[in-house]
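Results of the structural survey
Next come the chains, spelled out residue by residue.
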Amino acid sequence: MNVATTRPPAFAPNWPARIAWLLLLLYAVYAASLLEITWERFVVGLEQGARFIDRMLPPDTSASKLELLAKGLYESLEIAIIASALGIVLSLPIGLLAARNLMPGWITWPMRLCIALCRSFHQVIIAIVFVKAVGFGALAGILALTVASIGFVAKLFAEAIEEISLKQVEAVRSTGAPFMSVIIYGVLPQVLTRFVGFATYQVDSNLRNSTMVGIVGAGGIGGTMFAAFQRFDYDFLLTILLAIIAVIMVSEMLQNRIKRMFQ
Amino acid sequence: MTGAGQSGAANALEVRNLVKEYRRGTPVLRGISLRFPETGITAVIGPSGTGKSTLIRCINRLVEPTSGQVLFRGTDLTRLRGRALREQRRRIGMVFQEYNLVERLTVMENVLSGRLGYLSPWQAFLRRYPAEDIAMAWELLDTVGLTPFANQRADALSGGQRQRVGIARAVMQRPDILLADEPTSSLDPKTSVEIMELLSTISDSRKIPVIVNIHNVPLARRFAHHVIGMSGGHVVYEGDPSGLTDEHLKQIYGGEDWLGEH
């Protein structure tokens with residue numbers, strides 16, 4: 001028998017995967033037909049889109065609107081920064097107490113439960129809950145984004161701590177250092193850059209979310225934006241959108257600076 | 001119960017009937033009893049996995065002994081908890097096989113961390129070390145030849161340099177005894193000798209005993225004043241390095257083919 005014929009093919013076909021892809025494609029077509037998304041519907045949509053864009057241009061830069069924009073945007077920034085500061089400061093102890101390699105189970109599991117609760121719902125849902133609980137305005141937004149920040153930063157921080165080298169911790173422990181000093185010298189230096197990374201990401205995320213919580217009445221530019229939508233003030237809407245983009249870009253630049261500082 | 005420890009006061013360190021089981025029924029240390037000399041280097045030799053590391057970690061309780069006593073200047077360390085244990089740990093310096101420096105802290109911060117047992121966490125956080133500690137840290141860095149590296153991060157150093165920082169950190173504790181767990185195993189032969197010489201100098205100049213786990217027999221013979229041979233969780237040799245024969249080594253490490261090299 002020829003040697004070559006006994007060898008398996010170099011790249012074996014993966015039939016289950018091919019069938020899965022085909023099924024996915026078929027379902028997508030079927031689902032589109034159910035939802036009556038046809039070519040005609042798409043063309044109608046395009047026409048409406050063109051009219052929408054036409055009404056957005058040029059952006060509205062009248063003094064009264066700019067004042068409204070500045071007020072809303074400033075409130076959003078305040079919400080984002082206060083919520084980030086609170087969330088990050090609270091995440092430090094919560095994340096530390098939730099790390100299973102440093103803490104006994106009876107401390108970690110309630111902390112992990114707390115983190116899981118913070119992560120359970122989308123910021124908008126938490127914001128609605130807080131609007132109902134403490135009333136309309138920035139306070140509800142701050143509380144909502146603080147909760148969301150804890151859910152994200154504390155969870156990742158705890159996971160980062162669980163991955164540290166215990167040898168460094170052991171060495172600090174062997175000097176007779178008190179527990180908090182072991183944390184400060186043996187644990188924090190190992191996770192500080194990652195913590196700064198999570199924190200700056202969360203600041204960025206809070207900036208974007210702070211422009212949104214206003215839609216449900218939790219303060220900030222979101223409220224102004226929602227009003228512009230409802231009054232068909234699409235030219236003012238464009239001004240708001242451009243301003244938000246500018247804020248996010250500036251924050252991106254600042255984040256990179258901060259991360260380099262802690263490298 | 002406190003009286004029980006007093007008889008050990010004559011020796012710097014005494015271990016009585018020490019047993020350690022990581023899993024029930026499979027002891028790593030099977031009842032070790034040893035008196036360590038007051039001065040000089042004591043080498044603990046033996047194959048990997050025979051419990052040398054466990055023995056040394058049971059002394060400062062980085063590992064909890066299952067039973068037995070560790071008498072350090074008359075105090076039974078196995079009974080201590082919390083602050084009392086930390087106060088004894090301050091007097092026991094430790095050097096590690098993989099240096100165990102805090103990689104992201106500077107060389108100076110690593111050396112000064114030897115004083116953490118004497119500072120409050122707040123002072124430690126603000127790096128408020130007493131001036132005499134800082135002066136001592138500079139002196140130690142001079143001794144180990146790392147003064148120019150003081151403000152570099154520990155992860156920028158080579159293995160030999162890191163081990164010197166590790167030793168400086170241990171000496172910074174102004175310890176009454178120094179434990180070294182395989183301090184040369186991750187280093188090249190030349191650096192290994194330099195590290196052993198450094199430990200020897202420290203033992204002489206500070207008049208403290210140094211207990212070194214080491215599996216390199218020629219190094220042990222060259223630097224130790226006292227040798228403890230371990231095998232299978234037991235002590236099988238205790239005495240002068242000169243009294244260590246090939247017969248003993250065969251008993252400690254098993255086999256004999258490897259002995260042909262010297």
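Residues numbered from 1 in each chain as written. Chains lettered and ligands numbered in written order. Predicted model: local features only at pLDDT ≥ 70, side-chain atom pairs only at ≥ 80, totals over all residues.

Leu57 of chain A connects to Pro58 of chain A through a cis peptide bond whose omega is -10°. Phi at Phe232 of chain A is positive, roughly 55°, even though this residue is not glycine. The topology assignment puts Phe232 of chain A in the loop between α10 (221-230) and α11 (234-262). Residue Phe232 of chain A is classed as exposed on the basis of its 11 C-beta neighbours within 10 Å. Look at Glu182 of chain B: it is not a glycine, yet its phi comes out positive at around 50°. Within the secondary structure, Glu182 of chain B sits in the loop between β7 (177-181) and α8 (189-206). (Helix = DSSP H or I, 4+ residues; strand = E, 2+ residues; numbered from the N terminus. Buried ≥ 20, exposed ≤ 12 C-beta atoms within 10 Å, placed from the backbone.)

Right, let's talk about the sheet that holds strand β2 (residues 26-36) of chain B for a bit. Neighbouring strands of a sheet are bound in pairs by backbone hydrogen bonds; such pairs are parallel or else antiparallel. Residue and element names in this part refer to chain B. Spatially, 4 strands are ordered β2-β1-β4-β5 in an open sheet, and the strand pairing comes out antiparallel. The sheet is open, and its two edges are formed by β2 and β5 (75-76), each paired on a single side. Across 8 bridges, the pairing between strand β1 (residues 13-23) and β2 is antiparallel. Bridge pairing in β2 links Lys20 to Leu29. (Pairing = 2+ DSSP bridges.)

A few words on the packing of helix α7 (residues 159-172) of chain B against α8 of chain B. Residues and elements named next belong to chain B. Across the interface, α7 lies against α8 with an axial gap of 10 Å and an inter-helix angle of 15°. With respect to α8, the element α7 is oriented roughly parallel. Handedness of the α7/α8 crossing: right-handed. Across the interface between the two elements, Gly159, Gly160, Gln163, Arg164, Ile167 and Val171 from α7 touch Thr191, Glu194, Ile195, Leu198, Leu199 and Ile202 from α8. Residue classes in the contact of α7 with α8 are distributed as 6 nonpolar, 4 polar and 2 charged. (Axes fitted to C-alpha atoms, helices over the stretch in contact; angles between N-to-C directions. Parallel < 35°, antiparallel > 145°, perpendicular 65-115°, else oblique. Left-handed = near helix turned anticlockwise from the far one by under 90°. Contact = placed C-beta atoms within 7 Å. Nonpolar A, V, L, I, M, F, W, Y, C, P; charged D, E, K, R; others polar.)

A few words now on the confidence of the model for chain B. Residue and element names in this part refer to chain B. Confidence in the prediction for chain B averages 87 pLDDT; 95% of positions are at 70 or higher. For chain B, per-element mean pLDDT is lowest for helix α1 (residues 2-6), which scores 40, and highest for helix α4 (residues 107-112), which scores 94. Counting interchain partners and residues more than four positions distant, the pLDDT-below-50 stretch residues 1-9 has 11 contacts. In the predicted assembly, ipTM is 0.87 and pTM is 0.79. (pLDDT = per-residue confidence, 0-100.)

Bringing the nonpolar core into the picture now. In terms of nonpolar packing, the biggest core is built from 123 residues, with Ala144 and Phe157 of chain A together with Val111 and Leu199 of chain B touching the most fellow members. The dominant element in this core, judged by the number of residues it contributes, is helix α7 (residues 138-162) of chain A, at 16 residues. Not counting the four nearest positions on each side in its chain, Ala144 of chain A is found in contact with Gln123, Ile126, Ala127, Phe130, Val213 and Ala218 of chain A. Counting 9 residues, the second-largest nonpolar core is a separate cluster that includes Leu69, Phe236, Ile240 and Ile244 of chain A. (Core = buried A, V, L, I, M, F, W, Y, C linked by C-beta atoms within 7 Å.)

Each side of the interface is counted separately: chain B has 23 residues, and chain A has 18 residues. If you list the elements that add at least two residues to the side of chain B that touches chain A, you get α3 (82-89) and α5 (121-125) of chain B. Class assignment for the residues of the side of chain B that touches chain A results in 10 nonpolar, 6 polar and 7 charged.

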